[in-house]
Amino acid sequence: MTQTLLEIRDLHKRYGAVEVLKGVDCTMAQGEVISIIGSSGSGKTTMLRCINMLEEFQGGSIRIDGQEIGYETVGGQRRRKKEKEIARQRAMTGMAFQQFNLFPHMTAARNIMLGLMKVRGMGRGGAGGCREMAGPCRAALTHGSLSRPALRRPAAARGDRPGDRNEPEADAVR
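All of these numbers come straight from a predicted model, not from anything done at the bench.

(A) Expanded view of the overall build of the protein chain. When helices and strands are counted, the protein chain shows 5 helices and 10 strands. Within the span of the protein chain, comprising 174 residues, buried residues form 39% of the whole. When the accessible surface of the protein chain is totalled, it reaches about 9800 Å², and 51% of it is carbon and sulfur.

Below is the structure:
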């Protein structure tokens, strides 16, 4: 049986009186790839931002590896988790955008290692598990190769392609 990596149940998000996410449900198993397709302004990026608690949501639940993200229910009341716990949960996830924001003067491997060293406090030895990308600097990488360092950073990675007008709009959850 495959393990559920991401589970979203009845997700609701409002900006004032405008409800942009109206009861979204999604389940994703480890190793599965899901595409989120919709027109501009339909809530694709908002949903991804809710998963990483970059946006607060008004209802529903999000679980990564069975752990509820962002909120907890205590005595029948839903309340936001402490910022320290949310920061710990964010460290388990990541987002890769169309512009991957790699440092151009660093190799791909160094770009990956930097986050692990700064956020997780790992030494170079522990963070350096990406030797096949040790050589090329950001400027020498193809578009596909640029995505790999961004996707390697977290345990669960999500991709977002906002504003891409050369291809159909699609955000891929990995």
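(B) Geometry of the nonpolar core. Core analysis: the largest hydrophobic core is formed by 20 residues, its most contacted members being Leu-6, Ile-8, Leu-11, Ile-51, Phe-57 and Ile-62. The set of elements that each furnish at least two residues to this core consists of strand E1 (4-15), strand E2 (18-29), strand E3 (34-37), helix H1 (44-51) and strand E4 (59-64).

(C) Structural view of the sheet that holds E2. As summarised here, the arrangement of the 4 strands in space is E2-E1-E4-E5, forming an open sheet in which the pairing is antiparallel. Of all the strands in the sheet, just E2 and strand E5 (67-68) have a single pairing partner and so form its edges. Summarising the sheet, E1 and E2 pair through 9 bridges and their orientation is antiparallel. Bridging from a neighbouring strand, Leu-6 pairs with Met-28 of E2.

(D) The arrangement of the packing of aromatic side chains in detail. Applying the stated criterion to the full structure yields 1 aromatic pair. Each ring, one from Phe-57 and one from Tyr-71, has its centre 4.8 Å from the other, and the planes form 75°; the classification is edge-to-face. On the criterion of sequence distance, the pair formed by Phe-57 in the loop between H1 and E4 and Tyr-71 in strand E6 (residues 71-74) is long-range, its members being 14 residues apart. The burial state of Phe-57 is the same as that of Tyr-71; both residues are buried. Residue placement shows Lys-13 over the ring face of Tyr-15; its charged tip is 4.5 Å from the ring centre. Note that Arg-78 overlies the ring of Tyr-71, its terminal NZ or CZ placed 3.6 Å from the centroid.

(E) Highlighting the pattern of salt bridges. This structure, assessed with the given rule, holds 9 salt bridges. The shortest N-O distance in the salt bridge between Arg-9 and Asp-25 comes to 3.9 Å. In this pair, Arg-9 is assigned in strand E1 and Asp-25 in strand E2, connecting sequence segments 16 residues apart. Linking Lys-13 and Glu-55 is a salt bridge whose minimum nitrogen-to-oxygen distance equals 3.5 Å. Here the residue Lys-13 occupies a position in strand E1, and Glu-55 occupies one in the loop between H1 and E4, the gap between them amounting to 42 residues. Comparing Lys-13 with Glu-55 shows no difference in burial state: the two are buried. One salt-bridge network, in which partners are shared between bridges, spans Glu-7, Arg-9 and Asp-25.

(F) Quick peek at unusual backbone geometry. Positive phi, close to 55°, is recorded for Met-53, a residue that is not glycine. Residue placement: Met-53 occurs in the loop between H1 and E4. By relative accessible area, which is 3% here, Met-53 ends up buried. Positive phi, normally seen in glycine, also occurs at Asp-65, with a value near 50°. Relative to the assigned elements, Asp-65 resides in the loop between E4 and E5. Judged by relative accessible area, Asp-65 falls into the partly exposed class, the value being 46%.

(G) Quick look at the pairing of E4. In the sheet, E1 pairs with E4 via 5 bridges, with the strands oriented antiparallel. In the strand pairing of E4, Glu-7 is matched with Arg-63. As paired elements, E4 and E5 share 2 bridges and run antiparallel to each other. Within E5, the residue paired with Arg-63 across the bridge is Glu-68. Hairpin connection between E4 and E5: a loop of 2 residues separates the two successive antiparallel strands, and Asp-65 in this loop has a positive phi of roughly 50°.

Calculation rules
Residues numbered from 1 in each chain as written. Predicted model: local features only at pLDDT ≥ 70, side-chain atom pairs only at ≥ 80, totals over all residues. Heavy atoms only, no water. Helix = DSSP H or I, 4+ residues; strand = E, 2+ residues; numbered from the N terminus. Buried < 20%, exposed > 50% of the residue type's maximum accessible area, 1.4 Å probe, protein only. Areas by Shrake-Rupley, 256 points an atom, 1.4 Å probe, with all protein chains shown as cover. Core = buried A, V, L, I, M, F, W, Y, C linked by side-chain atoms within 4.5 Å. Pairing = 2+ DSSP bridges. Phe/Tyr/Trp six-rings, centres within 6.5 Å; stacked < 30°, edge-to-face > 60°. Lys NZ or Arg CZ within 6 Å of the ring centre and 35° of its normal. Salt bridge = Lys/Arg side-chain N within 4 Å of Asp/Glu carboxyl O.

None of this, on its own, says anything about what the molecule does.
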